Amino acid sequence: MPDLKNSFYTLLVAGTVFAGPGTGVVLAADTDLAPAGRGAAIEGSGPDDEATLARGEYIATAADCIACHTSKGGKPFAGGLKVGTPMGDVISTNITPDPEHGIGKYTEQQFDQAVRHGVRDDGSYLYPVMPYVSYAGMTDQDVTALYAWFRHRVKPVAESPPATSLSFPASMRSSMAVWNMFATKETPGQGDSATYNKLKRGEYLANALEHCGTCHTPRNFMLDEKHDRYLAGGPLSGWYAPNITSSVSSGIGNWSEADIIVYLKTGRAQNHAQAAGPMGEAVEHSTSRLTDPDLEALAAWIKQVPAMDDDLEHKPRDSFGQAVNAPDIRTKVPSRIDDLSEMTGPHIFDANCAACHGRNGSGTDDHYAPSLFANSVIGTTRPDNLIMVVLNGVNRTAGKDHAGMPGFGADSQVQRLSDSEIASLVNYVMGTFGSGDPHVTAEKVASFRNK
Ligand code: HEC
Ligand code: HEC
Ligand code: HEC
């Protein structure tokens, strides 16, 4: 049934093009969300007591609702973030308790229908950009708490973001009913999620709340997550969410639980990896705010995920490279350069990167700028994340720590690099400190701009 398949495909791309910095899951709004330590079991009787509200706030943080429901510079939860798709933008809605513009008129049952089943109060279907297939795994008690918190503690905002209008056939929300029949959803958790044992709590956090698989699990032709390749890696809007299974050759099997915890809490695990782009945002707004026991549970769960190997990666990504001095171009610039392209890699590195990452790639002494060898982004065979980082930089706050690297793309504050300059740079950096020259072309870099 090729036609059906085809139209599903077109239709569903809407549901999977996940926001990256280019398309905008970039949050500027500062909210006083969830200090850590709020995972306590519900005490007291009424559904809207303080313990319930605290639980709701923590669930909202762990589920990272703010990531998509706040536009750049916009008011918290007022919606308006555009998630770019080939057919147009899916725009997140206002989920503040304003009765006209937000979800103030939603009953708890209607809220549950939207969050766990993808159906709006008017009965129409939501696009699966809203990760209800993951949230379907939430317990009843946690949905109740989430509803109470949105109702009583989120400030109403009387603004309506522009409506989503996708082109045909994705405009037919009703077709999502068919997709929903095929899509694999989480099964609702039972009982009190705060009393789960460590591994079960970790699974609940990873699958029902944090939705790690939304980005890290590849998708089939229906754009449903491939559950037999759970967390084996997948592309999203220019970035590549790497294989984080326990495979030693292709995943993070050589990371300890402590490495995973420090990565999720701070956004960096020295000599392994850093979190930029969508992962930087997930760390900033969600994982860095989890309690220590929850981080330990999450790491224990991730650590035991069955190993999945990868056709392209055969050696741990963080095991490549060593300090190599870039040629000293300051003293050795030839008086006449006939072929600039032969010089550009080391030149561009020395001029734009060496000040922070060192001429030999070993980073700053305090590791604020990381070393470029023993670094997942350079040791992978996929140059995607390096290209994205060079274009967009890094801008991540976790607790009191800020990690900032300038971008070198079109709106750079420091230096704009052309497509061919970035291609030469990426080939030089990966060839010198990583898995080898990936032969990136200027055309390839061009395709990453505005992703
Ligand atoms: C990955 C992005 C993303 C995340 C994370 C996300 N949402 Fe959404 N949500 C959306 C988008 C986009 C829409 C609008 C979809 C559409 O128009 O079909 C939406 C729609 C909704 C709606 C329907 C509102 C209406 O009447 O239109 C509700 C309610 C909602 N989200 C609640 C939540 C809650 C609660 C959370 C956290 C538990 C959350 N969302 C997390 C993207 C997201
Ligand atoms: C919004 C999409 C998204 C979500 C949700 C997400 N990740 Fe990621 N993750 C990424 C991307 C993209 C990268 C690559 C970041 C980079 O290289 O700067 C990444 C990188 C990582 C890495 C580093 C791996 C390596 O070898 O470089 C780990 C570990 C990780 N994520 C774990 C998790 C866990 C655990 C969760 C759930 C709690 C999660 N991620 C949720 C997108 C996501
Ligand atoms: C002003 C200092 C500075 C400059 C200039 C700079 N970087 Fe960075 N770089 C950083 C910092 C800080 C980080 C973030 C570390 C973290 O995430 O904790 C970073 C991160 C990275 C990462 C890891 C990204 C990830 O997703 O894991 C790579 C790769 C990288 N830089 C390469 C480069 C290249 C190539 C250049 C030159 C085009 C460059 N940097 C220029 C400071 C800098």
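Values in this document were obtained by computation on a predicted structure and should not be read as measured data.

## Description of the site of ligand 1
Contacts to ligand 1 come from 26 residues, most closely from Cys65, Cys68, His69, Tyr106 and Met130. Measuring from an oxygen atom of ligand 1, one finds a side-chain N or O atom of threonine 93 at 3.3 Å. Interatomic distance of 2.7 Å between a backbone N/O atom of tyrosine 127 and an oxygen atom of ligand 1. Counting only elements with at least two residues in the shell around ligand 1, the list comes to helix H3 (65-69), strand S2 (88-91), helix H4 (108-117) and helix H6 (140-153). When grouped by side-chain class, the residues that make up the shell around ligand 1 number 20 nonpolar, three polar and three charged.

## Some thoughts on the UniProt feature "binding site: heme c 2" (unreviewed entry) in the protein
The feature "binding site: heme c 2" (unreviewed entry), as given by UniProt, occupies Cys212, Cys215 and His216 in the numbering adopted here. Note on placement: cysteine 215 falls in helix H9 (residues 212-216). For cysteine 215, a relative accessible area of 17% translates into the label buried. Within the secondary structure layout, histidine 216 lies in helix H9.

## Brief notes about the coordination of the iron atom of ligand 1
For the iron atom of ligand 1, every protein donor is listed as His69 (NE2) and Met130 (SD), and the spread of their distances is 2.0 to 2.2 Å. Here the iron atom of ligand 1 binds six donor atoms, and the angle range of 88 to 180° at the metal identifies the geometry as octahedral. In this pair, histidine 69 sits in helix H3 while methionine 130 sits in the loop between H4 and helix H5 (132-135), placing the two residues 61 residues apart along the sequence. Residue methionine 130 is classed as partly exposed on the basis of its relative accessible area of 22%.

## A closer look at the coordination of the iron atom of ligand 3
Protein ligation of the iron atom of ligand 3 involves His357 (NE2) and Met405 (SD), the donor distances falling in the range 2.0 to 2.2 Å. Classification of methionine 405 by relative accessible area gives partly exposed; the value is 23%.

## Side note on the packing of helix H14 (residues 344-352) against helix H18 (residues 419-433)
Relative orientation of the contacting elements H14 and H18 amounts to 90°, with a least axis distance of 8 Å. The pairing of H14 with H18 is recorded here as roughly perpendicular in orientation. Residues Thr344, Gly345, Pro346, Ile348 and Phe349 of H14 pack against Glu421, Ser424, Leu425, Tyr428, Val429 and Phe433 of H18. Within the contact of H14 with H18, the residues separate by chemical class into seven nonpolar, three polar and one charged.

## Observations regarding the UniProt feature "binding site: heme c 3" (unreviewed entry) in the protein
Taking the numbering used here, the UniProt-annotated feature "binding site: heme c 3" (unreviewed entry) corresponds to Cys353, Cys356 and His357. Within the secondary structure layout, cysteine 353 lies in the loop between H14 and helix H15 (354-357). Here cysteine 356 shows up in helix H15. What makes cysteine 356 partly exposed here is its relative accessible area of 45%.

## Here's the deal with the nonpolar core
Counting residues in hydrophobic clusters, the biggest one holds 60 residues, and the most contacted among them are Phe77, Phe111, Met138, Phe150 and Leu209. When neighbours within four sequence positions are excluded, phenylalanine 150 is seen to be in contact with Ala60, Cys65, Phe77, Ile95, Pro97 and Phe111. One finds Leu236, Phe373, Val377 and Leu386 within the second-largest nonpolar core, a separate group that totals 35 residues.

## Some thoughts on the side chain of arginine 382
If you trace the backbone, arginine 382 turns up in the loop between helix H16 (376-379) and helix H17 (384-392). Residue classification places arginine 382 among the buried positions, given a relative accessible area of 14%. In terms of polar contacts, arginine 382 uses its side chain to reach the side chain of tyrosine 240, at 3.5 Å. Sequence-distant contacts of arginine 382, defined by excluding residues within four places in its chain, comprise Tyr240, Asp310, Leu312, Glu313 and Met430.

## Section: the pairing of strand S7 (residues 394-398)
Along S7, the buried face is formed by Val394, Arg396 and Ala398; none of Asn395 and Thr397, which line the opposite face, is buried. As paired elements, S7 and strand S8 (residues 401-405) share five bridges and run antiparallel to each other. Bridge pairing links alanine 398 to aspartate 401 in S8. Where S7 hands over to S8, the hairpin turn is made up of two residues, of which glycine 399 adopts a positive phi near 60°.

## With respect to empty space enclosed by the protein
Per the counting criterion, the structure on display carries five cavities of 30 Å³ or more. Size it by volume and the second largest cavity reaches roughly 50 Å³. Around the second largest cavity, the lining residues are Pro97, Ile103, Gly104, Phe111, Tyr147, Phe150 and Arg151. Sorting elements by how many residues they give to the lining of the second largest cavity places H6 first, with three residues.

## A short note on the packing of H17 against H18
It is the contact of H17 with H18, at a shortest axis distance of 10 Å, that shows an interaxial angle of 125°. Here H18 runs oblique to H17, going by the angle between their axes. Seen along the crossing, H17 lies across H18 with a hand that is right-handed. Residue-level inspection shows Leu386, Ile387, Val390 and Leu391 of H17 in contact with H18, the latter providing Ile422, Leu425, Val426, Val429 and Met430. Here the residues of the contact of H17 with H18 sort into nine nonpolar, no polar and no charged.

## Let's talk about H18
In this model H18 runs 21 Å from its N-terminal to its C-terminal C-alpha over 15 residues, within 8% of the 21 Å that 1.5 Å per residue would give. Along H18, the residues that are buried comprise Ile422, Ala423, Leu425, Val426, Asn427, Tyr428, Val429, Met430 and Phe433. Tucked inside the fold, the buried residues of H18 contact H14, H16, H17 and helix H19 (442-448).

## Things to note about H14
Buried residues dominate H14, accounting for eight of its nine residues. Residues of H14 that are buried: Thr344, Gly345, Pro346, His347, Ile348, Phe349, Asp350 and Asn352.

## Some thoughts on the site of ligand 2
What surrounds ligand 2 is a group of 27 residues, the closest being Cys212, Cys215, His216, Met279 and Ser376. Within the contact set of ligand 2, a nitrogen atom lies 2.8 Å away from a side-chain nitrogen or oxygen of histidine 216. Interatomic distance of 2.7 Å between a side-chain N/O atom of serine 376 and an oxygen atom of ligand 2. Within the residue set of the shell around ligand 2, elements represented by two or more residues are H9, strand S4 (239-241), helix H10 (257-266), strand S6 (273-274), helix H11 (277-285), helix H12 (292-303) and H16. For the shell around ligand 2, the residue count by class is 20 nonpolar, five polar and two charged. Split by domain, the residues of the shell around ligand 2 number at least three in each of domain 1 (2-303) and domain 2 (320-448).

What counts and how
- Residues numbered from 1 in each chain as written.
- Chains lettered and ligands numbered in written order.
- Predicted model: local features only at pLDDT ≥ 70, side-chain atom pairs only at ≥ 80, totals over all residues.
- Heavy atoms only, no water.
- Near = heavy atom within 4 Å.
- Polar contact = N/O pair within 3.5 Å; in protein donor to acceptor, adjacent residues only side chain to side chain.
- Helix = DSSP H or I, 4+ residues; strand = E, 2+ residues; numbered from the N terminus.
- Nonpolar A, V, L, I, M, F, W, Y, C, P; charged D, E, K, R; others polar.
- UniProt positions renumbered as here; feature names shortened; annotations may be inferred.
- Buried < 20%, exposed > 50% of the residue type's maximum accessible area, 1.4 Å probe, protein only.
- Donors = N, O, S within 2.8 Å, 3.2 Å for Na, K, Ca; no water.
- Tetrahedral: all angles 85-135°; square planar, octahedral: opposite > 155°, others 65-115°.
- Axes fitted to C-alpha atoms, helices over the stretch in contact; angles between N-to-C directions.
- Parallel < 35°, antiparallel > 145°, perpendicular 65-115°, else oblique.
- Contact = heavy atoms within 4.5 Å.
- Core = buried A, V, L, I, M, F, W, Y, C linked by side-chain atoms within 4.5 Å.
- Pairing = 2+ DSSP bridges.
- 1 Å grid on protein atoms, 1.4 Å probe; cavity = no way out; pocket = protein on both sides within 12 Å on 5 of 7 lines; lining within 4 Å.
- Points joined across faces, edges and corners; volume = space filled by probe spheres on them.
- Left-handed = near helix turned anticlockwise from the far one by under 90°.
- Expected span 1.5 Å × (residues − 1).
- Domains from an automatic or database assignment.

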